[in-house]
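# Chain and residue survey
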Amino acid sequence: LIERPSKIVVLGGAVVDMVARPKEKTEIIIGTSNPGSCAESDGGVGRNVAEALGRLGCNPVLYSAIGSDLRGQGLMERLEGVGCTNMSVVVKDASTATYLAVLNGDGDLHVAIANMGVLSEIAVPPKEIFEQGIEFLVMDGNPTVSVLRQASEFAVENGITICLEPTSVPKARAVAQDQELLSRITYAFPNVDELMAMAEKLSDRPELTLEDLATINHLPHIQVAAAMVLKQMNPDGAHLVITMGDKGVFLASRRNDEVSKLQHFPAPYGVEVKNATGAGDSLCAAFIASLVNGKSESDAVAIGMQAATLSLECANRAVSPNLADLKLS
């Protein structure tokens, strides 16, 4: 049982991030050694969201899976130190998931390698957890679809709002293929590539590309894709927070069977990007924390973008400790 009162359960990946970057103001030279720096920090979409929620004062509960090693032990101890409750499975004789990212000279991702085998052991939280006043279930794409489906069923039975951070294009596509799962989701946080992957799986005219459909309907292709995904999400109302890097964020919503126009939130000027690995997760967490504090979706996006900016400017961590300074009320 949960010892500290919490309104948010996070179900997803916990990963050790290793980030390498070339020397400042230099570009990567392929096929040879590059002078630069290497840093190790805690990551994983679910864990990042949980840390950000913890720093925002939300006391989240994280369900993940880690290896029986010192990296996993340290990862969870540090998470508990920022106000999170850890209920993760420890898998005997397994290694904690590891993600190695190589950034370019601008701080954006150049290439990455992911060792995520242990995340297939993420289990469905016990049913009774959902009966303890939880308001939001936040899922990333790392658990199996069957685990996501069962967890979402428990959440629906208890009137809990379900949020999805798709995590990657293949994982976004897998969720879109499960219409029962998708129909339970009220909030999703895809980037453009993940949105397009979901929409392509949902098209009732597979012979046409999204660009073809956009031309036929005289609409931007992102708006067409958003409408297709929203139509299959929670029938009582659904929202997509679509992240677009330096082009900002689009908020698309469906209420009463009508999809609203995309609301655009431009990216702030003058952001010094030092590490982009946790920006979207910080936005997701601050958005949900804002809803818990009674904010509208539009206000929540604006606050989420502030959180993303703080994490973009944090060189050696996926999630900035300065999130604790954000005003949510």
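Below is a short write-up of the structure. This is a predicted model, so every value here is computed, not measured.

Here is what the cut-offs are and how they apply
Residues numbered from 1 in each chain as written. Predicted model: local features only at pLDDT ≥ 70, side-chain atom pairs only at ≥ 80, totals over all residues. Heavy atoms only, no water. Axes fitted to C-alpha atoms, helices over the stretch in contact; angles between N-to-C directions. Helix = DSSP H or I, 4+ residues; strand = E, 2+ residues; numbered from the N terminus. Left-handed = near helix turned anticlockwise from the far one by under 90°. Contact = heavy atoms within 4.5 Å. Nonpolar A, V, L, I, M, F, W, Y, C, P; charged D, E, K, R; others polar. Pairing = 2+ DSSP bridges. Expected span 1.5 Å × (residues − 1). Buried < 20%, exposed > 50% of the residue type's maximum accessible area, 1.4 Å probe, protein only. Polar contact = N/O pair within 3.5 Å; in protein donor to acceptor, adjacent residues only side chain to side chain. Disulfide = S-S within 2.5 Å. Phe/Tyr/Trp six-rings, centres within 6.5 Å; stacked < 30°, edge-to-face > 60°.

### Side note on the packing of helix 9 (residues 279–292) against helix 10 (residues 297–312)
- At a minimum axis distance of 7 Å, the contact between helix 9 and helix 10 shows a crossing angle of 145 degrees. The crossing of helix 9 and helix 10 is right-handed. Residue-level inspection shows A279, S282, L283, A286, F287, S290 and L291 of helix 9 in contact with helix 10, the latter providing E297, A300, V301, I303, G304, M305, A307, A308, S311 and L312.
- A breakdown of the residues in the contact of helix 9 with helix 10 according to their chemical character gives 12 nonpolar, 4 polar and 1 charged.

### A short note on unusual backbone geometry
- Located in the positive-phi region is K25, a residue other than glycine, with phi close to 70 degrees.
- Looking at the secondary structure, you find K25 in the loop between strand 2 (15–22) and strand 3 (36–43).
- For T167, which is not a glycine, the phi torsion comes out positive at approximately 85 degrees.
- Considering the arrangement of structural elements, one finds T167 in the loop between strand 11 (161–165) and helix 4 (169–177).

### Quick notes on the packing of helix 4 against helix 6 (residues 192–202)
- Contact pair helix 4 / helix 6: the axes reach a minimum separation of 8 Å and the direction vectors enclose 35 degrees. Here helix 4 and helix 6 pass one another in a crossing that is right-handed. In this structure, helix 4 uses V169, A172, R173, A176 and Q177 to contact helix 6, whose residues at the interface are D193, E194, A197, M198, K201 and L202.
- Class assignment of the residues belonging to the contact of helix 4 with helix 6 gives a composition of 6 nonpolar, 1 polar and 4 charged.

### Describing the sheet that holds strand 2
- Taking strand neighbours across the sheet as the criterion, the 4 strands line up as 3-2-8-9 in an open arrangement whose pairing is mixed. Single-partner strands in this sheet number two, and they are strand 3 and strand 9 (109–115). Across the sheet, the mean angle separating the axes of adjacent strands is 15 degrees when strand polarity is ignored.
- Alignment of strand 2 against strand 8 (residues 98–103), held across 5 bridges, turns out to be parallel.

### Regarding helix 8 (residues 221–232)
- With 12 residues, helix 8 should cover 16 Å at 1.5 Å per step; its first-to-last C-alpha distance of 17 Å lies within 8% of that length.
- Every buried residue of helix 8 is accounted for by I222, Q223, V224, A225, A226, M228, V229 and L230.

### Considering helix 6
- Buried within helix 6 we find E194, L195, M196, A197, M198, A199 and L202.
- Here helix 6 starts with a cap whose side-chain oxygen sits 3.2 Å from the backbone nitrogen of D193, and that cap is N191.

### Focus on the environment of V175
- Locating V175 in the fold gives a position in helix 4.
- Classification of V175 as buried rests on a relative accessible area of 2%.
- Sequence separation between V175 and M198 is 23 residues; the distance between their C-alpha atoms is 7.7 Å.
- For V175, the contacting residues outside a window of four places in its chain are L148, L164, L181, L182 and I185.

### Re the pairing of strand 10 (residues 136–140)
- For strand 10, a buried count of 5 out of 5 residues is recorded, marking the element as mostly surrounded by other parts of the structure.
- Of the two faces of strand 10, both are covered, the one formed by F136, V138 and D140 as well as the one formed by L137 and M139.
- As defined by bridge partners, strand 1 (residues 8–11) adjoins strand 10 across 4 bridges and the pair is classed as parallel. Within the sheet, the bridge partner assigned to I8 lies in strand 10 and is F136.
- Note: strand 10 against strand 11, 5 bridges, orientation parallel. Bridging across to strand 11, L137 finds its partner in I162.

### Side note on the environment of V301
- Locating V301 in the fold gives a position in helix 10.
- Remark: the alpha-carbon pair of V301 and L262, spanning 39 residues in sequence, is separated by 13 Å.
- Ignoring sequence-local partners within four residues, the contact set of V301 consists of V241, V249, L251, F265 and F287.

### Re the state of the cysteines
- Within the structure shown, the criterion is met by 0 disulfides.
- No disulfide involves C38; its sulfur sits 17 Å from the nearest other cysteine sulfur, which is in C314.

### Focus on the packing of aromatic side chains
- Under the definition given, this model contains 3 aromatic pairs.
- Geometrically, the ring pair formed by F130 and F154 is tilted, given 5.8 Å between the ring centres and 55 degrees between the ring planes. Separated by 24 residues along the polypeptide, F130 in the loop between strand 9 and strand 10 and F154 in helix 3 (residues 145–157) bring together distant segments of the chain. As far as burial versus exposure is concerned, F130 and F154 are alike and both buried.
- Summarising the aromatic geometry, the rings of F189 and F287 are spaced 5.3 Å apart at their centres and angled 80 degrees between planes, so their arrangement reads as edge-to-face. Of this pair, F189 sits in the loop between strand 12 (187–188) and helix 6 while F287 sits in helix 9, placing them 98 residues apart in sequence. Accessibility assignment for this pair places F189 and F287 in one class, buried.

That's the geometry; what it means functionally is another story.
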